[in-house]
2 protein chains.
Amino acid sequence: MPGTDASATQAPRRQATDEPKPKPKSATPLSAERIVEAALAQIAERGVERFSLRDVARTLGVYPTAVYWYFRSRNELLAAVCAAAQRDIVPPPRQGDWQAWLRELFRRYRQAMRTHPHLAQLVGAQMLSNASLDLTLVDGILHMLQQAGCPDGPLVDLYNAVVAALCGYPTIELAPLPAEDPMGWAADLQQRVHQIPAMQHPVLARHLHRMADRSFVLRWTPGTQQPLDGGFDAYVEIFIAGLEARLAAARAG
Amino acid sequence: MPGTDASATQAPRRQATDEPKPKPKSATPLSAERIVEAALAQIAERGVERFSLRDVARTLGVYPTAVYWYFRSRNELLAAVCAAAQRDIVPPPRQGDWQAWLRELFRRYRQAMRTHPHLAQLVGAQMLSNASLDLTLVDGILHMLQQAGCPDGPLVDLYNAVVAALCGYPTIELAPLPAEDPMGWAADLQQRVHQIPAMQHPVLARHLHRMADRSFVLRWTPGTQQPLDGGFDAYVEIFIAGLEARLAAARAG
DNA sequence: ACCTGAACACCGTTCAAGT
DNA sequence: ACCTGAACACCGTTCAAGT
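Residues numbered from 1 in each chain as written. Chains lettered and ligands numbered in written order. Predicted model: local features only at pLDDT ≥ 70, side-chain atom pairs only at ≥ 80, totals over all residues. Heavy atoms only, no water.

(A) Molecular detail of the side chain of Thr 171 of chain A. Relative to the assigned elements, Thr 171 of chain A resides in helix α7 (residues 155–173). Its relative accessible area of 1% is what places Thr 171 of chain A among the buried residues. In contact with Thr 171 of chain A, not counting residues within four places along its chain, are Ala 120 and Gly 124 of chain A together with Ala 125 and Thr 171 of chain B. (Helix = DSSP H or I, 4+ residues; strand = E, 2+ residues; numbered from the N terminus. Buried < 20%, exposed > 50% of the residue type's maximum accessible area, 1.4 Å probe, protein only. Contact = heavy atoms within 4.5 Å.)

Listed below in C-alpha coordinates is the structure:
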(Lines give C-alpha, C1' and ligand atoms only; values in the text may rest on other atoms or scores of the structure.)
Protein backbone atom coordinates (compact mmCIF):
# COMPACT_ATOMS: atom_id res chain seq x y z
CA MET A 1 0.00 0.00 0.00
CA PRO A 2 1.72 3.13 -1.20
CA GLY A 3 -0.01 5.46 1.22
CA THR A 4 -3.27 7.06 2.13
CA ASP A 5 -3.60 8.79 -1.21
CA ALA A 6 -6.41 6.74 -2.69
CA SER A 7 -6.14 8.23 -6.12
CA ALA A 8 -2.47 7.38 -6.49
CA THR A 9 -3.11 3.83 -7.64
CA GLN A 10 -5.74 4.85 -10.13
CA ALA A 11 -5.36 6.48 -13.48
CA PRO A 12 -4.53 10.17 -13.22
CA ARG A 13 -7.81 12.06 -12.93
CA ARG A 14 -6.51 15.28 -14.35
CA GLN A 15 -9.27 16.31 -16.71
CA ALA A 16 -8.61 14.93 -20.18
CA THR A 17 -4.99 16.16 -20.33
CA ASP A 18 -4.12 19.42 -22.04
CA GLU A 19 -5.29 18.52 -25.50
CA PRO A 20 -6.70 21.47 -27.39
CA LYS A 21 -10.31 20.49 -27.99
CA PRO A 22 -12.22 23.07 -30.08
CA LYS A 23 -10.21 23.08 -33.29
CA PRO A 24 -8.17 19.90 -33.58
CA LYS A 25 -6.39 21.24 -36.62
CA SER A 26 -6.79 24.86 -37.51
CA ALA A 27 -6.93 25.60 -41.22
CA THR A 28 -4.98 28.84 -41.00
CA PRO A 29 -1.52 28.63 -39.46
CA LEU A 30 -0.69 30.23 -36.14
CA SER A 31 0.77 33.72 -36.19
CA ALA A 32 1.45 36.64 -33.89
CA GLU A 33 -1.47 38.51 -35.46
CA ARG A 34 -3.92 35.66 -34.87
CA ILE A 35 -2.81 35.37 -31.25
CA VAL A 36 -3.19 39.11 -30.66
CA GLU A 37 -6.60 39.01 -32.31
CA ALA A 38 -7.76 36.15 -30.12
CA ALA A 39 -6.40 37.83 -27.01
CA LEU A 40 -8.12 41.09 -27.91
CA ALA A 41 -11.43 39.29 -28.33
CA GLN A 42 -11.07 37.46 -25.05
CA ILE A 43 -10.17 40.59 -23.10
CA ALA A 44 -13.11 42.46 -24.60
CA GLU A 45 -15.38 39.65 -23.52
CA ARG A 46 -14.09 38.78 -20.08
CA GLY A 47 -11.71 41.51 -18.99
CA VAL A 48 -7.99 41.59 -18.34
CA GLU A 49 -8.35 40.05 -14.91
CA ARG A 50 -9.64 36.75 -16.22
CA PHE A 51 -7.65 36.72 -19.43
CA SER A 52 -5.53 33.61 -19.66
CA LEU A 53 -2.88 32.52 -22.08
CA ARG A 54 -4.11 28.96 -21.90
CA ASP A 55 -7.59 30.00 -22.94
CA VAL A 56 -6.24 31.91 -25.91
CA ALA A 57 -4.37 28.79 -26.96
CA ARG A 58 -7.53 26.72 -26.50
CA THR A 59 -9.61 28.94 -28.77
CA LEU A 60 -6.84 28.77 -31.37
CA GLY A 61 -6.70 25.01 -31.12
CA VAL A 62 -3.06 24.81 -30.11
CA TYR A 63 -1.11 23.86 -27.01
CA PRO A 64 -0.50 26.66 -24.50
CA THR A 65 3.20 26.44 -25.08
CA ALA A 66 2.82 27.19 -28.78
CA VAL A 67 2.18 30.82 -27.90
CA TYR A 68 5.70 31.05 -26.51
CA TRP A 69 7.10 30.74 -29.98
CA TYR A 70 5.65 34.18 -30.78
CA PHE A 71 5.72 35.94 -27.41
CA ARG A 72 8.25 35.58 -24.64
CA SER A 73 5.64 35.91 -21.90
CA ARG A 74 2.07 36.71 -21.09
CA ASN A 75 3.04 40.33 -20.42
CA GLU A 76 4.68 40.67 -23.79
CA LEU A 77 1.50 39.46 -25.43
CA LEU A 78 -0.50 42.01 -23.45
CA ALA A 79 1.89 44.74 -24.56
CA ALA A 80 1.32 43.77 -28.18
CA VAL A 81 -2.42 43.82 -27.58
CA CYS A 82 -2.16 47.34 -26.14
CA ALA A 83 -0.11 48.53 -29.07
CA ALA A 84 -2.72 47.14 -31.45
CA ALA A 85 -5.48 49.01 -29.63
CA GLN A 86 -3.61 52.30 -29.83
CA ARG A 87 -3.48 52.48 -33.62
CA ASP A 88 -4.51 55.65 -35.38
CA ILE A 89 -5.16 57.80 -32.35
CA VAL A 90 -2.91 60.61 -33.55
CA PRO A 91 -4.84 63.00 -35.81
CA PRO A 92 -3.21 64.31 -38.98
CA PRO A 93 -1.42 67.64 -38.55
CA ARG A 94 -3.72 70.60 -38.80
CA GLN A 95 -2.90 74.19 -39.60
CA GLY A 96 -3.63 77.04 -37.28
CA ASP A 97 -6.13 75.54 -34.89
CA TRP A 98 -4.24 73.66 -32.19
CA GLN A 99 -7.33 73.50 -30.01
CA ALA A 100 -9.17 71.51 -32.67
CA TRP A 101 -6.25 69.11 -33.05
CA LEU A 102 -6.03 68.50 -29.30
CA ARG A 103 -9.79 68.05 -29.04
CA GLU A 104 -9.63 65.48 -31.81
CA LEU A 105 -6.74 63.65 -30.11
CA PHE A 106 -8.74 63.37 -26.88
CA ARG A 107 -11.76 62.17 -28.82
CA ARG A 108 -9.79 59.53 -30.73
CA TYR A 109 -8.04 58.18 -27.69
CA ARG A 110 -11.33 57.75 -25.87
CA GLN A 111 -12.87 56.18 -28.95
CA ALA A 112 -10.01 53.68 -29.19
CA MET A 113 -10.45 52.71 -25.55
CA ARG A 114 -14.20 52.40 -26.01
CA THR A 115 -13.79 49.94 -28.86
CA HIS A 116 -11.55 47.80 -26.65
CA PRO A 117 -13.32 48.25 -23.34
CA HIS A 118 -11.25 46.42 -20.80
CA LEU A 119 -7.99 47.63 -22.25
CA ALA A 120 -8.06 51.18 -20.90
CA GLN A 121 -6.72 50.08 -17.54
CA LEU A 122 -3.78 48.38 -19.20
CA VAL A 123 -2.94 51.13 -21.66
CA GLY A 124 -3.40 53.91 -19.13
CA ALA A 125 -2.29 52.37 -15.92
CA GLN A 126 0.26 49.79 -16.90
CA MET A 127 1.52 49.80 -20.41
CA LEU A 128 2.06 53.45 -21.16
CA SER A 129 5.80 53.07 -21.18
CA ASN A 130 5.73 49.48 -22.25
CA ALA A 131 3.89 50.11 -25.46
CA SER A 132 5.93 50.33 -28.58
CA LEU A 133 7.23 53.86 -28.30
CA ASP A 134 4.69 55.75 -30.35
CA LEU A 135 6.80 58.64 -31.58
CA THR A 136 4.07 60.10 -33.73
CA LEU A 137 2.09 60.74 -30.56
CA VAL A 138 5.01 62.44 -28.83
CA ASP A 139 5.87 64.44 -31.90
CA GLY A 140 2.28 65.41 -32.50
CA ILE A 141 1.82 66.78 -29.00
CA LEU A 142 5.08 68.72 -29.14
CA HIS A 143 4.09 70.16 -32.49
CA MET A 144 0.74 71.23 -31.12
CA LEU A 145 2.35 72.92 -28.13
CA GLN A 146 4.81 74.82 -30.26
CA GLN A 147 2.07 75.81 -32.64
CA ALA A 148 0.21 77.16 -29.62
CA GLY A 149 3.19 79.36 -28.89
CA CYS A 150 4.65 77.38 -26.02
CA PRO A 151 8.15 78.53 -25.00
CA ASP A 152 10.88 75.94 -24.56
CA GLY A 153 10.97 76.37 -20.80
CA PRO A 154 7.64 74.81 -19.81
CA LEU A 155 7.39 72.54 -22.87
CA VAL A 156 8.21 69.26 -21.13
CA ASP A 157 5.93 69.95 -18.18
CA LEU A 158 3.05 70.81 -20.47
CA TYR A 159 3.71 67.72 -22.56
CA ASN A 160 3.46 65.55 -19.46
CA ALA A 161 0.28 67.31 -18.42
CA VAL A 162 -1.27 66.68 -21.84
CA VAL A 163 -0.40 62.97 -21.89
CA ALA A 164 -1.77 62.43 -18.38
CA ALA A 165 -4.95 64.32 -19.22
CA LEU A 166 -5.30 62.34 -22.44
CA CYS A 167 -5.33 59.00 -20.65
CA GLY A 168 -7.04 60.21 -17.50
CA TYR A 169 -10.74 60.38 -18.25
CA PRO A 170 -11.11 57.19 -20.30
CA THR A 171 -9.06 55.23 -17.77
CA ILE A 172 -11.38 56.24 -14.95
CA GLU A 173 -14.55 56.09 -17.02
CA LEU A 174 -13.88 52.61 -18.38
CA ALA A 175 -12.53 51.18 -15.16
CA PRO A 176 -13.97 47.71 -14.62
CA LEU A 177 -16.59 47.37 -11.93
CA PRO A 178 -16.33 44.41 -9.54
CA ALA A 179 -16.41 41.24 -11.61
CA GLU A 180 -17.67 38.76 -9.06
CA ASP A 181 -21.39 38.97 -8.46
CA PRO A 182 -21.87 42.27 -10.32
CA MET A 183 -25.64 42.17 -9.95
CA GLY A 184 -25.48 41.86 -6.20
CA TRP A 185 -22.85 44.55 -5.96
CA ALA A 186 -24.88 46.93 -8.11
CA ALA A 187 -28.04 46.36 -6.10
CA ASP A 188 -26.12 46.89 -2.89
CA LEU A 189 -24.51 50.15 -4.02
CA GLN A 190 -27.76 51.40 -5.49
CA GLN A 191 -29.48 50.89 -2.18
CA ARG A 192 -26.71 52.57 -0.23
CA VAL A 193 -26.74 55.55 -2.59
CA HIS A 194 -30.46 56.01 -2.17
CA GLN A 195 -30.15 55.80 1.58
CA ILE A 196 -27.68 58.64 1.85
CA PRO A 197 -28.73 60.74 4.84
CA ALA A 198 -29.95 64.09 3.52
CA MET A 199 -29.11 66.08 6.62
CA GLN A 200 -25.54 64.88 6.77
CA HIS A 201 -24.95 65.63 3.12
CA PRO A 202 -27.36 68.36 2.09
CA VAL A 203 -25.57 69.38 -1.08
CA LEU A 204 -25.26 65.82 -2.26
CA ALA A 205 -28.86 65.02 -1.38
CA ARG A 206 -30.11 67.93 -3.43
CA HIS A 207 -28.43 66.66 -6.59
CA LEU A 208 -28.66 62.95 -5.92
CA HIS A 209 -31.40 62.31 -8.44
CA ARG A 210 -29.15 63.51 -11.23
CA MET A 211 -25.97 61.99 -9.88
CA ALA A 212 -27.08 58.48 -8.98
CA ASP A 213 -25.55 56.05 -11.49
CA ARG A 214 -24.41 59.00 -13.59
CA SER A 215 -21.32 60.11 -11.75
CA PHE A 216 -18.08 58.58 -10.52
CA VAL A 217 -18.18 56.90 -7.11
CA LEU A 218 -21.99 56.94 -7.23
CA ARG A 219 -22.43 54.82 -10.34
CA TRP A 220 -23.06 51.11 -10.68
CA THR A 221 -23.41 50.85 -14.44
CA PRO A 222 -20.01 50.50 -16.13
CA GLY A 223 -18.76 53.18 -18.50
CA THR A 224 -18.84 50.75 -21.39
CA GLN A 225 -22.60 50.48 -21.11
CA GLN A 226 -23.29 54.04 -20.04
CA PRO A 227 -20.77 56.60 -21.26
CA LEU A 228 -20.35 59.77 -19.25
CA ASP A 229 -20.19 62.02 -22.29
CA GLY A 230 -21.06 65.31 -20.62
CA GLY A 231 -18.26 64.92 -18.14
CA PHE A 232 -15.82 64.09 -20.90
CA ASP A 233 -16.74 67.14 -22.95
CA ALA A 234 -16.41 69.36 -19.89
CA TYR A 235 -13.07 67.72 -19.06
CA VAL A 236 -11.68 68.37 -22.54
CA GLU A 237 -12.89 71.95 -22.72
CA ILE A 238 -11.59 72.68 -19.23
CA PHE A 239 -8.20 71.36 -20.19
CA ILE A 240 -8.04 73.28 -23.45
CA ALA A 241 -9.17 76.53 -21.84
CA GLY A 242 -6.69 76.02 -19.00
CA LEU A 243 -3.91 75.33 -21.46
CA GLU A 244 -4.74 78.54 -23.30
CA ALA A 245 -4.52 80.51 -20.06
CA ARG A 246 -1.31 78.80 -19.03
CA LEU A 247 0.30 79.43 -22.39
CA ALA A 248 -0.69 83.08 -22.33
CA ALA A 249 0.90 83.39 -18.89
CA ALA A 250 4.04 81.58 -20.05
CA ARG A 251 4.45 83.86 -23.06
CA ALA A 252 3.90 86.95 -20.93
CA GLY A 253 6.20 85.99 -18.03
CA MET B 1 1.15 -1.66 -13.26
CA PRO B 2 -0.86 1.46 -12.51
CA GLY B 3 0.47 3.35 -15.49
CA THR B 4 3.42 5.23 -16.79
CA ASP B 5 3.30 7.83 -14.06
CA ALA B 6 6.43 6.92 -12.14
CA SER B 7 5.75 9.24 -9.26
CA ALA B 8 2.39 7.70 -8.49
CA THR B 9 3.83 4.89 -6.42
CA GLN B 10 6.07 7.19 -4.42
CA ALA B 11 5.26 9.61 -1.68
CA PRO B 12 3.69 12.81 -2.98
CA ARG B 13 6.51 15.20 -3.90
CA ARG B 14 4.48 18.33 -3.42
CA GLN B 15 6.84 20.63 -1.58
CA ALA B 16 6.44 20.30 2.17
CA THR B 17 2.63 20.68 2.14
CA ASP B 18 0.98 23.98 2.90
CA GLU B 19 2.17 24.45 6.43
CA PRO B 20 2.78 28.08 7.31
CA LYS B 21 6.47 28.22 8.04
CA PRO B 22 7.66 31.67 9.17
CA LYS B 23 5.58 32.21 12.28
CA PRO B 24 4.35 28.88 13.61
CA LYS B 25 2.20 30.61 16.15
CA SER B 26 1.66 34.32 15.91
CA ALA B 27 1.52 36.17 19.21
CA THR B 28 -1.14 38.65 18.12
CA PRO B 29 -4.38 37.19 16.85
CA LEU B 30 -5.44 37.44 13.25
CA SER B 31 -7.68 40.32 12.27
CA ALA B 32 -8.93 42.18 9.22
CA GLU B 33 -6.59 45.05 10.05
CA ARG B 34 -3.53 42.82 10.24
CA ILE B 35 -4.39 41.19 6.94
CA VAL B 36 -4.87 44.56 5.23
CA GLU B 37 -1.61 45.77 6.71
CA ALA B 38 0.28 42.73 5.46
CA ALA B 39 -1.33 43.03 2.03
CA LEU B 40 -0.44 46.72 1.86
CA ALA B 41 3.18 45.96 2.67
CA GLN B 42 3.38 43.20 0.12
CA ILE B 43 1.85 45.29 -2.67
CA ALA B 44 4.20 48.16 -1.90
CA GLU B 45 7.11 45.78 -2.15
CA ARG B 46 6.21 43.64 -5.13
CA GLY B 47 3.30 45.26 -6.92
CA VAL B 48 -0.32 44.27 -7.41
CA GLU B 49 0.52 41.88 -10.23
CA ARG B 50 2.50 39.53 -8.04
CA PHE B 51 0.45 39.99 -4.92
CA SER B 52 -0.89 36.70 -3.67
CA LEU B 53 -3.31 35.80 -0.94
CA ARG B 54 -1.27 32.75 -0.07
CA ASP B 55 1.84 34.86 0.48
CA VAL B 56 -0.05 37.20 2.78
CA ALA B 57 -1.16 34.19 4.79
CA ARG B 58 2.40 32.89 4.87
CA THR B 59 3.81 36.11 6.29
CA LEU B 60 1.07 36.09 8.91
CA GLY B 61 1.81 32.52 9.83
CA VAL B 62 -1.64 31.16 9.04
CA TYR B 63 -3.18 28.90 6.45
CA PRO B 64 -4.32 30.56 3.22
CA THR B 65 -7.89 29.67 3.98
CA ALA B 66 -7.84 31.57 7.26
CA VAL B 67 -8.03 34.82 5.30
CA TYR B 68 -11.46 33.78 4.04
CA TRP B 69 -12.87 34.22 7.49
CA TYR B 70 -12.31 37.98 7.16
CA PHE B 71 -12.66 38.55 3.42
CA ARG B 72 -14.92 36.79 0.97
CA SER B 73 -12.36 36.88 -1.80
CA ARG B 74 -9.04 38.20 -2.97
CA ASN B 75 -10.81 41.11 -4.66
CA GLU B 76 -12.62 42.06 -1.49
CA LEU B 77 -9.30 42.19 0.33
CA LEU B 78 -7.90 44.42 -2.41
CA ALA B 79 -10.90 46.72 -2.09
CA ALA B 80 -10.24 47.05 1.63
CA VAL B 81 -6.60 47.80 0.91
CA CYS B 82 -7.63 50.55 -1.53
CA ALA B 83 -10.01 52.06 0.99
CA ALA B 84 -7.22 52.12 3.57
CA ALA B 85 -4.92 53.93 1.17
CA GLN B 86 -7.51 56.59 0.43
CA ARG B 87 -7.82 57.90 3.97
CA ASP B 88 -7.65 61.61 4.67
CA ILE B 89 -7.43 62.80 1.10
CA VAL B 90 -10.33 65.25 1.47
CA PRO B 91 -9.10 68.59 2.83
CA PRO B 92 -11.10 70.40 5.51
CA PRO B 93 -13.61 72.93 4.16
CA ARG B 94 -12.08 76.29 3.40
CA GLN B 95 -13.74 79.64 3.11
CA GLY B 96 -13.64 81.73 0.01
CA ASP B 97 -10.77 80.23 -1.90
CA TRP B 98 -12.07 77.21 -3.83
CA GLN B 99 -8.93 77.13 -5.98
CA ALA B 100 -6.78 76.51 -2.93
CA TRP B 101 -9.06 73.74 -1.72
CA LEU B 102 -8.99 71.98 -5.08
CA ARG B 103 -5.23 72.37 -5.34
CA GLU B 104 -4.89 70.80 -1.91
CA LEU B 105 -7.19 67.91 -2.87
CA PHE B 106 -5.07 67.14 -5.92
CA ARG B 107 -1.92 67.32 -3.83
CA ARG B 108 -3.27 65.01 -1.14
CA TYR B 109 -4.54 62.42 -3.55
CA ARG B 110 -1.17 62.25 -5.28
CA GLN B 111 0.58 62.11 -1.92
CA ALA B 112 -1.62 59.19 -0.84
CA MET B 113 -0.83 57.30 -4.02
CA ARG B 114 2.86 58.04 -3.63
CA THR B 115 2.95 56.53 -0.15
CA HIS B 116 1.34 53.36 -1.51
CA PRO B 117 3.10 53.17 -4.87
CA HIS B 118 1.61 50.22 -6.67
CA LEU B 119 -1.90 51.02 -5.52
CA ALA B 120 -2.62 53.89 -7.89
CA GLN B 121 -3.51 51.54 -10.72
CA LEU B 122 -6.04 49.78 -8.51
CA VAL B 123 -7.60 52.88 -6.98
CA GLY B 124 -7.70 54.77 -10.26
CA ALA B 125 -8.34 52.09 -12.79
CA GLN B 126 -10.26 49.43 -10.95
CA MET B 127 -11.60 50.27 -7.57
CA LEU B 128 -13.02 53.71 -8.02
CA SER B 129 -16.56 52.48 -7.72
CA ASN B 130 -15.68 49.52 -5.59
CA ALA B 131 -14.16 51.56 -2.81
CA SER B 132 -16.28 52.19 0.20
CA LEU B 133 -18.38 55.05 -1.09
CA ASP B 134 -16.43 58.02 0.19
CA LEU B 135 -19.23 60.55 0.56
CA THR B 136 -17.01 63.21 2.07
CA LEU B 137 -15.11 63.30 -1.22
CA VAL B 138 -18.28 63.64 -3.28
CA ASP B 139 -19.71 66.22 -0.94
CA GLY B 140 -16.46 68.15 -0.79
CA ILE B 141 -16.20 68.46 -4.55
CA LEU B 142 -19.84 69.51 -4.90
CA HIS B 143 -19.33 72.09 -2.18
CA MET B 144 -16.30 73.46 -3.93
CA LEU B 145 -18.13 73.73 -7.24
CA GLN B 146 -21.07 75.55 -5.69
CA GLN B 147 -18.71 77.85 -3.85
CA ALA B 148 -17.10 78.60 -7.19
CA GLY B 149 -20.49 79.73 -8.45
CA CYS B 150 -21.35 76.66 -10.51
CA PRO B 151 -24.98 76.60 -11.70
CA ASP B 152 -27.01 73.43 -11.23
CA GLY B 153 -27.05 72.64 -14.94
CA PRO B 154 -23.43 71.68 -15.54
CA LEU B 155 -22.75 70.57 -11.94
CA VAL B 156 -22.71 66.82 -12.56
CA ASP B 157 -20.55 67.10 -15.66
CA LEU B 158 -18.04 69.28 -13.87
CA TYR B 159 -18.04 66.91 -10.90
CA ASN B 160 -17.15 64.01 -13.20
CA ALA B 161 -14.44 66.06 -14.85
CA VAL B 162 -12.92 66.89 -11.46
CA VAL B 163 -12.88 63.28 -10.25
CA ALA B 164 -11.30 62.03 -13.46
CA ALA B 165 -8.69 64.77 -13.35
CA LEU B 166 -8.02 64.01 -9.70
CA CYS B 167 -7.11 60.40 -10.41
CA GLY B 168 -5.62 60.96 -13.83
CA TYR B 169 -2.10 62.22 -13.31
CA PRO B 170 -1.05 59.99 -10.40
CA THR B 171 -2.49 56.93 -12.14
CA ILE B 172 -0.36 57.55 -15.22
CA GLU B 173 2.67 58.80 -13.32
CA LEU B 174 2.79 55.84 -10.94
CA ALA B 175 1.94 53.21 -13.53
CA PRO B 176 4.19 50.19 -13.02
CA LEU B 177 6.89 49.66 -15.58
CA PRO B 178 7.45 46.14 -16.92
CA ALA B 179 8.19 43.87 -13.99
CA GLU B 180 10.09 41.11 -15.73
CA ASP B 181 13.68 42.00 -16.47
CA PRO B 182 13.29 45.73 -15.73
CA MET B 183 16.99 46.41 -16.21
CA GLY B 184 17.05 44.93 -19.69
CA TRP B 185 13.87 46.72 -20.65
CA ALA B 186 15.19 50.06 -19.38
CA ALA B 187 18.47 49.67 -21.24
CA ASP B 188 16.60 48.73 -24.38
CA LEU B 189 14.23 51.69 -24.25
CA GLN B 190 17.03 54.07 -23.35
CA GLN B 191 18.94 52.99 -26.40
CA ARG B 192 15.93 53.27 -28.67
CA VAL B 193 15.18 56.75 -27.34
CA HIS B 194 18.69 57.93 -28.02
CA GLN B 195 18.58 56.52 -31.52
CA ILE B 196 15.52 58.47 -32.55
CA PRO B 197 16.16 59.75 -36.07
CA ALA B 198 16.52 63.52 -35.87
CA MET B 199 15.34 64.22 -39.38
CA GLN B 200 12.18 62.22 -39.05
CA HIS B 201 11.26 63.89 -35.76
CA PRO B 202 12.93 67.30 -35.73
CA VAL B 203 10.81 68.79 -32.95
CA LEU B 204 11.32 65.78 -30.74
CA ALA B 205 15.04 65.63 -31.45
CA ARG B 206 15.49 69.23 -30.43
CA HIS B 207 14.02 68.64 -26.97
CA LEU B 208 15.15 65.06 -26.49
CA HIS B 209 17.88 65.90 -24.00
CA ARG B 210 15.31 67.34 -21.62
CA MET B 211 12.62 64.75 -22.33
CA ALA B 212 14.57 61.50 -22.16
CA ASP B 213 13.56 59.66 -18.98
CA ARG B 214 11.68 62.76 -17.83
CA SER B 215 8.48 62.48 -19.81
CA PHE B 216 5.74 59.94 -20.40
CA VAL B 217 6.37 57.37 -23.14
CA LEU B 218 10.06 58.34 -23.17
CA ARG B 219 10.88 57.44 -19.57
CA TRP B 220 12.36 54.26 -18.15
CA THR B 221 12.61 55.25 -14.50
CA PRO B 222 9.31 54.65 -12.67
CA GLY B 223 7.39 57.55 -11.18
CA THR B 224 7.92 56.21 -7.69
CA GLN B 225 11.66 56.77 -8.02
CA GLN B 226 11.52 59.88 -10.15
CA PRO B 227 8.43 62.02 -9.67
CA LEU B 228 7.34 64.23 -12.53
CA ASP B 229 6.54 67.21 -10.31
CA GLY B 230 6.68 69.92 -12.94
CA GLY B 231 4.14 68.15 -15.09
CA PHE B 232 1.87 67.65 -12.11
CA ASP B 233 1.96 71.31 -11.12
CA ALA B 234 1.23 72.35 -14.70
CA TYR B 235 -1.59 69.81 -14.86
CA VAL B 236 -3.22 71.11 -11.70
CA GLU B 237 -2.91 74.77 -12.67
CA ILE B 238 -4.21 74.08 -16.16
CA PHE B 239 -7.23 72.35 -14.72
CA ILE B 240 -7.97 75.08 -12.19
CA ALA B 241 -7.56 77.86 -14.77
CA GLY B 242 -9.73 75.94 -17.20
CA LEU B 243 -12.37 75.39 -14.56
CA GLU B 244 -12.39 79.11 -13.81
CA ALA B 245 -12.95 79.88 -17.48
CA ARG B 246 -15.61 77.24 -17.83
CA LEU B 247 -17.46 78.48 -14.76
CA ALA B 248 -17.35 82.06 -15.97
CA ALA B 249 -18.84 80.94 -19.27
CA ALA B 250 -21.50 78.87 -17.50
CA ARG B 251 -22.55 81.78 -15.31
CA ALA B 252 -22.68 84.13 -18.29
CA GLY B 253 -24.58 81.80 -20.66
C1' DA C 1 11.12 26.76 -37.85
C1' DC C 2 7.20 25.62 -35.45
C1' DC C 3 4.65 22.97 -32.38
C1' DT C 4 3.64 18.90 -29.09
C1' DG C 5 3.77 16.88 -24.55
C1' DA C 6 4.92 16.41 -19.94
C1' DA C 7 6.15 18.47 -15.86
C1' DC C 8 7.03 22.25 -12.18
C1' DA C 9 5.76 25.43 -9.01
C1' DC C 10 2.55 28.00 -8.14
C1' DC C 11 -2.48 30.16 -7.78
C1' DG C 12 -7.72 31.27 -5.62
C1' DT C 13 -11.40 28.96 -3.67
C1' DT C 14 -14.50 25.22 -1.62
C1' DC C 15 -15.60 22.26 1.68
C1' DA C 16 -15.21 19.43 5.82
C1' DA C 17 -13.17 19.06 10.08
C1' DG C 18 -11.13 20.51 14.27
C1' DT C 19 -11.11 23.46 18.72
C1' DA D 1 -16.11 32.00 16.32
C1' DC D 2 -11.93 31.11 14.27
C1' DC D 3 -8.72 28.36 12.05
C1' DT D 4 -6.66 23.82 10.12
C1' DG D 5 -6.15 20.55 6.43
C1' DA D 6 -6.94 18.44 2.21
C1' DA D 7 -8.45 18.82 -2.26
C1' DC D 8 -10.04 20.97 -6.86
C1' DA D 9 -9.44 23.24 -10.90
C1' DC D 10 -6.90 26.14 -12.62
C1' DC D 11 -2.54 29.21 -13.82
C1' DG D 12 2.35 30.82 -16.41
C1' DT D 13 6.55 28.94 -17.72
C1' DT D 14 10.55 25.62 -18.71
C1' DC D 15 12.41 22.04 -21.04
C1' DA D 16 12.84 18.17 -24.03
C1' DA D 17 11.09 16.06 -27.88
C1' DG D 18 8.89 15.62 -32.19
C1' DT D 19 8.27 16.95 -37.33
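(B) How the structure looks around the interface of chain A and chain B. Taken together, the contacts link 77 residues of chain A with 76 residues of chain B. Together, the buried faces of chain A and chain B total about 6900 Å²; carbon and sulfur atoms form 64% of this surface. For the pair chain A and chain B, the number of links is 2 salt bridges. Salt-bridge contacts for Arg 206 of chain B lead to Asp 152 of chain A; the nearest nitrogen and oxygen are separated by 3.4 Å. (Buried area = accessible area lost by both parts, 1.4 Å probe. Salt bridge = Lys/Arg side-chain N within 4 Å of Asp/Glu carboxyl O.)

(C) Highlighting the UniProt feature "DNA-binding region" (unreviewed entry) in chain A. Listed under "DNA-binding region" (unreviewed entry) in the UniProt record, and renumbered for this structure, are residues 52–71 of chain A. A distance of 14 Å separates the end C-alpha atoms of residues 52–71 of chain A, which is 40% helix and 0% strand. (UniProt positions renumbered as here; feature names shortened; annotations may be inferred.)

(D) A look at the relation of the copies chain A and chain B. Taken as rigid bodies, chain A and chain B are interconverted by a rotation of 180 degrees and an axial shift of 0.0 Å, the fit giving an RMSD of 0.0 Å. Taken together, the rotation and translation relating the two chain copies correspond to the operation of a two-fold axis. Of the interface residues in chain A, 99% have counterparts in chain B that sit at the interface too, so the contact is made through matching surfaces. (Least-squares fit on C-alpha atoms with pLDDT ≥ 70 in both.)

(E) The arrangement of unusual backbone geometry in detail. Positive phi values are uncommon outside glycine, yet Asp 88 of chain A reaches one of about 60 degrees. Summarising the element assignment, Asp 88 of chain A is placed in the loop between α3 (74–85) and α4 (98–115). Positive phi is not limited to glycine here, since Asp 213 of chain B has a value of about 65 degrees. On the secondary structure map, Asp 213 of chain B appears in the loop between α9 (202–211) and α10 (229–252). Given a relative accessible area of 9%, Asp 213 of chain B falls into the buried group.

(F) Up close: the environment of Asp 233 of chain A. All names here are of chain A. Tracing the backbone through its elements, the reader meets Asp 233 in helix α10 (residues 229–252). Taking relative accessible area as the criterion, Asp 233 reaches 44% and is therefore assigned partly exposed. Taking the C-alpha atoms as reference points, Asp 233 and Arg 103, separated by 130 residues in sequence, lie 9.3 Å from one another.

(G) Quick look at the protein's contact with DNA strand D. The local shell around DNA strand D holds 18 residues, among which Arg 54, Thr 65 and Tyr 68 of chain A together with Tyr 63 and Tyr 70 of chain B are the closest. If you look at DNA strand D and keep only atoms within 4 Å of the protein, 58% of those are sugar or phosphate atoms. At a separation of 2.7 Å, a phosphate oxygen of DNA strand D approaches a polar side-chain atom of Tyr 68 of chain A. Separating a base oxygen of DNA strand D from a side-chain N or O atom of Thr 65 of chain B is a distance of 3.2 Å. Residue classes in the surface near DNA strand D are distributed as 8 nonpolar, 4 polar and 6 charged. (Near = heavy atom within 4 Å. Polar contact = N/O pair within 3.5 Å; in protein donor to acceptor, adjacent residues only side chain to side chain. Nonpolar A, V, L, I, M, F, W, Y, C, P; charged D, E, K, R; others polar.)

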